[in-house]
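Structural overview
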There are 2 protein chains.
Amino acid sequence: MKINKVLIVGAGTMGQQISFQCAMHGFETVVYNHRAPSLEVCRQAHQSFATHFQQTRGVPAKDTDAALTRLSYSTDLPSACEDADLVNESILEDLAIKQPFYEQLCQYLPQSSIITTNTSTFLPSQLTGCITRPERFMALHFVVGIWDAPIAELMGHPGTSADTVATTTDFARAIGLVPISINKEQPGYVINSLLIPWALAAQSLVTNAVTSVEDVDRTWMISTGMAMGPFGLMDMIGLGTVHAVLSNLADASGDAQQRKDADYVQAHFIDQGKLGLKSGSGYYDYPDPAFSRPGFLG
Amino acid sequence: MKINKVLIVGAGTMGQQISFQCAMHGFETVVYNHRAPSLEVCRQAHQSFATHFQQTRGVPAKDTDAALTRLSYSTDLPSACEDADLVNESILEDLAIKQPFYEQLCQYLPQSSIITTNTSTFLPSQLTGCITRPERFMALHFVVGIWDAPIAELMGHPGTSADTVATTTDFARAIGLVPISINKEQPGYVINSLLIPWALAAQSLVTNAVTSVEDVDRTWMISTGMAMGPFGLMDMIGLGTVHAVLSNLADASGDAQQRKDADYVQAHFIDQGKLGLKSGSGYYDYPDPAFSRPGFLG
């Protein structure tokens, strides 16, 4: 099937970026949120993305202008669903919110439309019960900073049709992303499966006073050529998210070290309002964090 | 104290690189090995390092020539120990070999000399029993490809003197490395503490047929800007080493997934003589592995 119009559900950080990425690649894109103020924030974000693309990425104004004309914003689900060929959902990671939303969505959406979720928390098969066309449903997962880390992870559930996988894979390529195929349902996709144990190992070294934040990042950056180490990256992801992941892991595993790691992040950062890059302070201070300064690498 | 002469014990890959690094930074350097043929291989490696530095790093021939004149080779421990201010040991990772070696070393070495070990396997405190000056003993750990990943990890045991730590730290800087301070004994230093869980997570994704080697590496490379992903790096480290680490972890933890991961590497690579980059084949084929080709990142 041919995808013409896409519906992006949720106007938070991810929804803002995904919808802009779709519009920049020629798709008519509607952003749905039940709150008008959230849509206004999204519209402003799109304006600033356009400016950013013009000023720092050399994209002609006519191209960003055209993308902005492809974007629309709606608090009305029935009209947002009209003619939508593909939906991507990035609403709150709470089944009590997602399930009734999907039930509503399926009432209004054409039966032929593909539904995808950007969830990081749930497996697709945990959501199929409230979807009337489970064969047309799968996860399509994006990375924050979508244009800097242009991957799209694809994960179906056992009932997803091959045609849905193929169409969604083609769609990911059509919006400028590299599709990553996950052939079995599992928590964490690929990028999170790699990042989480790596970041956890880094945090344990610091929680246990084995070495310093700076020496961990310096070691990784020198050895691998990456522009930041695990603590720089955690600041970028946001320490609220980092704490939630650590805390959920600790709850699930009952592991004493993981609990110490989560408590460390709570006491040193969350309780002090230090949320990383976006709050100006975390493992490092921003702008101009130590790891970006000349001489940090020795 | 002032370090003038260093003794590098062991003429394998690490000993070859560490001794060359010391000589290139102006230190009189003797390489000890009890087998003359190993020393001859080491001498040839030093010649080819010199050529490499001239041809690809723009180092003048007079500088590499001077380094080569600072290097000597000995199968005689008593004479190798004469006037050595600092020793670094990279012999086999076997206590039954290391312990008697250290007892011998301490007989011949000046009492004021510092002894360091490059062991990846043992904690310094596991070796102090056979060392007559434990306060002058600590780990000084290097990364293979020492000039591309110029870090030196420093880890004392509870009895290491502050002066030994300070002198060894200064020495690491003097041979062009960035010292990484580890303030408590723990297995794995910093780099291995980060690399191992990351590589293990990658291997589990492939062992469990969740996704492909290429998609794991592509995901990491695109998301982080690193020049290789975990499988490219494992090929570089060598799959014999990777298998030994996985297998030791599985033995120690009794974890079923870790055992499956070790068995996968055994069956797919070790049993087929595929040892990674050095054997020409591993997760990728060499030279010209897929992950370095244009188009790999999509």
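Residues numbered from 1 in each chain as written. Chains lettered and ligands numbered in written order. Predicted model: local features only at pLDDT ≥ 70, side-chain atom pairs only at ≥ 80, totals over all residues. Heavy atoms only, no water.

Structural notes on the nonpolar core
In terms of nonpolar packing, the biggest core is built from 86 residues, with Trp-220 of chain A together with Trp-220 of chain B touching the most fellow members. If you look at the next biggest cluster of nonpolar residues, it comprises 34 residues, including Phe-49, Phe-53, Leu-71 and Ala-172 of chain B. (Core = buried A, V, L, I, M, F, W, Y, C linked by side-chain atoms within 4.5 Å. Buried < 20%, exposed > 50% of the residue type's maximum accessible area, 1.4 Å probe, protein only.)

Examining the state of the cysteines
Overall, the coordinates contain 0 disulfides over all chains when judged by the stated rule. The thiol of Cys-130 of chain A is unpaired, and the distance to the nearest cysteine sulfur, on Cys-106 of chain A, comes to 7.3 Å. In this structure Cys-22 of chain B is a free cysteine whose sulfur lies 12 Å from that of Cys-42 of chain B, the closest cysteine sulfur available. Overall, Cys-22 of chain B belongs to the buried group, its relative accessible area being 0%. (Disulfide = S-S within 2.5 Å.)

Some details on helix α11 (residues 256-268) of chain B
Residues and elements named next belong to chain B. Across its 13 residues, α11 extends 18 Å between first and last C-alpha, which sits within 8% of the 18 Å expected from 1.5 Å per residue. Turning to α11, its buried residues are Gln-258, Asp-261, Ala-262, Tyr-264 and Val-265. In an axial view of α11, the angular spread of the buried residues amounts to 155°, which keeps them on one side of the axis. Contacts from the buried residues of α11 go to α7 (191-207) and α10 (239-253). The backbone nitrogen of Gln-257 lies 3.0 Å from a side-chain oxygen of the residue at the head of α11, namely Asp-255. (Helix = DSSP H or I, 4+ residues; strand = E, 2+ residues; numbered from the N terminus. Expected span 1.5 Å × (residues − 1). Arc of directions from axis to C-beta. Contact = heavy atoms within 4.5 Å. Polar contact = N/O pair within 3.5 Å; in protein donor to acceptor, adjacent residues only side chain to side chain.)

Brief notes about the packing of aromatic side chains
One pass over the full model with this rule turns up 28 aromatic pairs over all chains. Relative to Phe-49 of chain B, the ring of Phe-20 of chain B has its centre 5.4 Å away and its plane inclined at 70°; by these criteria the two rings are edge-to-face. With Phe-20 of chain B in helix α1 (residues 13-24) and Phe-49 of chain B in helix α2 (residues 36-57), this residue pair connects regions lying 29 residues apart in the sequence. Taking the relative accessible area as the measure of exposure, Phe-49 of chain B reaches 14% and is therefore buried. Residue placement shows Arg-57 of chain A over the ring face of Phe-53 of chain A; its charged tip is 5.2 Å from the ring centre. The residue whose ring lies beneath Arg-218 of chain B is Phe-296 of chain B, and the NZ or CZ to ring-centre distance is 4.4 Å. (Phe/Tyr/Trp six-rings, centres within 6.5 Å; stacked < 30°, edge-to-face > 60°. Lys NZ or Arg CZ within 6 Å of the ring centre and 35° of its normal.)

Looking at the UniProt feature "domain: 3-hydroxyacyl-CoA dehydrogenase C-terminal" (unreviewed entry) in chain A
Sequence positions flagged by UniProt for "domain: 3-hydroxyacyl-CoA dehydrogenase C-terminal" (unreviewed entry) are, in local numbering, residues 188-286 of chain A. Secondary structure across residues 188-286 of chain A comprises 66% helix and 0% strand; the distance between its end C-alpha atoms is 29 Å. (UniProt positions renumbered as here; feature names shortened; annotations may be inferred.)

What about the pattern of salt bridges?
A side chain of one charge can pair with a side chain of the opposite charge if their charged atoms are brought near each other. Residue and element names in this part refer to chain A. Across all of its chains, the model carries 20 salt bridges over all chains by this definition. Linking Asp-288 and Arg-293 is a salt bridge whose minimum nitrogen-to-oxygen distance equals 3.4 Å. For Asp-288, a relative accessible area of 46% corresponds to the partly exposed category. What makes Arg-293 partly exposed here is its relative accessible area of 41%. One network of salt bridges, with partners in common, ties together Glu-89, Glu-93 and Lys-98. (Salt bridge = Lys/Arg side-chain N within 4 Å of Asp/Glu carboxyl O.)

A few points about the relation of the copies chain A and chain B
Two copies of one chain are present, and they are related through a rotation about an axis combined with an axial shift. Laying chain A over chain B is done by rotating through 180° and shifting 0.0 Å along the axis; what remains is an RMSD of 0.1 Å. Such values leave the two copies arranged in the relation of a two-fold axis. Same-surface contact between copies: 100% of interface residues of chain A are shared with the interface of chain B. (Least-squares fit on C-alpha atoms with pLDDT ≥ 70 in both.)

Some words on the UniProt feature "site: Important for catalytic activity" (unreviewed entry) in chain A
Residues and elements named next belong to chain A. Taken from the UniProt record, the annotation "site: Important for catalytic activity" (unreviewed entry) applies to His-141. Within the secondary structure, His-141 sits in strand β6 (residues 137-142). For His-141, a relative accessible area of 4% corresponds to the buried category. In this structure His-141 touches Thr-117, Asn-118, Thr-119, Ser-120, Ile-151, Ala-152, Glu-153, Tyr-189 and Asn-192, once residues within four positions along its chain are discounted. Here Ser-120 takes part through its side chain, which lies 3.0 Å from a polar atom of the side chain of His-141.

Describing the packing of α1 of chain B against α2 of chain B
All names here are of chain B. One way to put it is that α1 packs onto α2 with a least axis distance of 10 Å and a crossing angle of 55°. On the basis of their axis angle, the class for α1 and α2 is oblique. Pair α1 / α2 crosses with right-handed handedness. Residue-level contacts link Gln-16, Gln-17, Ser-19, Phe-20 and Met-24 of α1 to Val-41, Cys-42, Ala-45, His-46, Phe-49, Ala-50 and Phe-53 of α2. When its residues are assigned to classes, the contact of α1 with α2 shows 8 nonpolar, 4 polar and no charged. (Axes fitted to C-alpha atoms, helices over the stretch in contact; angles between N-to-C directions. Parallel < 35°, antiparallel > 145°, perpendicular 65-115°, else oblique. Left-handed = near helix turned anticlockwise from the far one by under 90°. Nonpolar A, V, L, I, M, F, W, Y, C, P; charged D, E, K, R; others polar.)

Some details on the interface of chain A and chain B
Contact with chain A, which involves 39 residues of that partner, is made by 39 residues of chain B. For the pair chain A and chain B, the two sides together bury roughly 3,200 Å², of which 74% comes from carbon and sulfur. In this structure, the connection of chain A to chain B is made through 0 salt bridges. Applying the counting rule to chain A against chain B returns 8 residue pairs in polar contact (both at pLDDT 80 or more). (Buried area = accessible area lost by both parts, 1.4 Å probe.)

What about the confidence of the model for chain A?
Overall, the prediction assigns chain A a mean pLDDT of 96, with 100% of residues at 70 or greater. Predicted complex, confidence summary: ipTM 0.91, pTM 0.89. (pLDDT = per-residue confidence, 0-100.)

Quick look at the environment of Asp-170 of chain B
Tracing the backbone through its elements, the reader meets Asp-170 of chain B in helix α6 (residues 162-174). Measuring from C-alpha to C-alpha, the distance between Asp-170 of chain B and His-46 of chain B comes to 24 Å, with 124 residues separating the pair along the chain.

Concerning the pairing of strand β2 (residues 28-32) of chain A
All names here are of chain A. A large share of β2 lies buried, amounting to 4 of its 5 residues. The pairing of strand β1 (residues 5-9) with β2 spans 5 bridges and is classified as parallel. Bridging from a neighbouring strand, Ile-8 pairs with Val-31 of β2. Regarding the hand of the β-α-β motif, the stretch spanning β1, helix α1 (residues 13-24) and β2 is right-handed. (Pairing = 2+ DSSP bridges. Right-handed = clockwise from strand over helix to strand, strands pointing away.)

Describing the packing of helix α7 (residues 191-207) of chain A against helix α11 (residues 256-268) of chain A
Residues and elements named next belong to chain A. Contact geometry for α7 and α11: axes closest at 9 Å, N-to-C directions at 75°. Between α7 and α11, the angle is such that the two are roughly perpendicular. Contacts between α7 and α11 involve Leu-200, Gln-203, Ser-204, Val-206 and Thr-207 from the first element and Gln-257, Gln-258, Lys-260, Asp-261, Tyr-264 and Val-265 from the second.

Topic: unusual backbone geometry
Going from Tyr-286 of chain A to Pro-287 of chain A, the amide bond is cis rather than trans, its omega being -10°. In this structure, Pro-287 of chain A sits in the segment after α11. Positive phi, normally seen in glycine, also occurs at Tyr-189 of chain B, with a value near 50°. Looking at the element boundaries, Tyr-189 of chain B is found in the loop between β8 (178-182) and α7.

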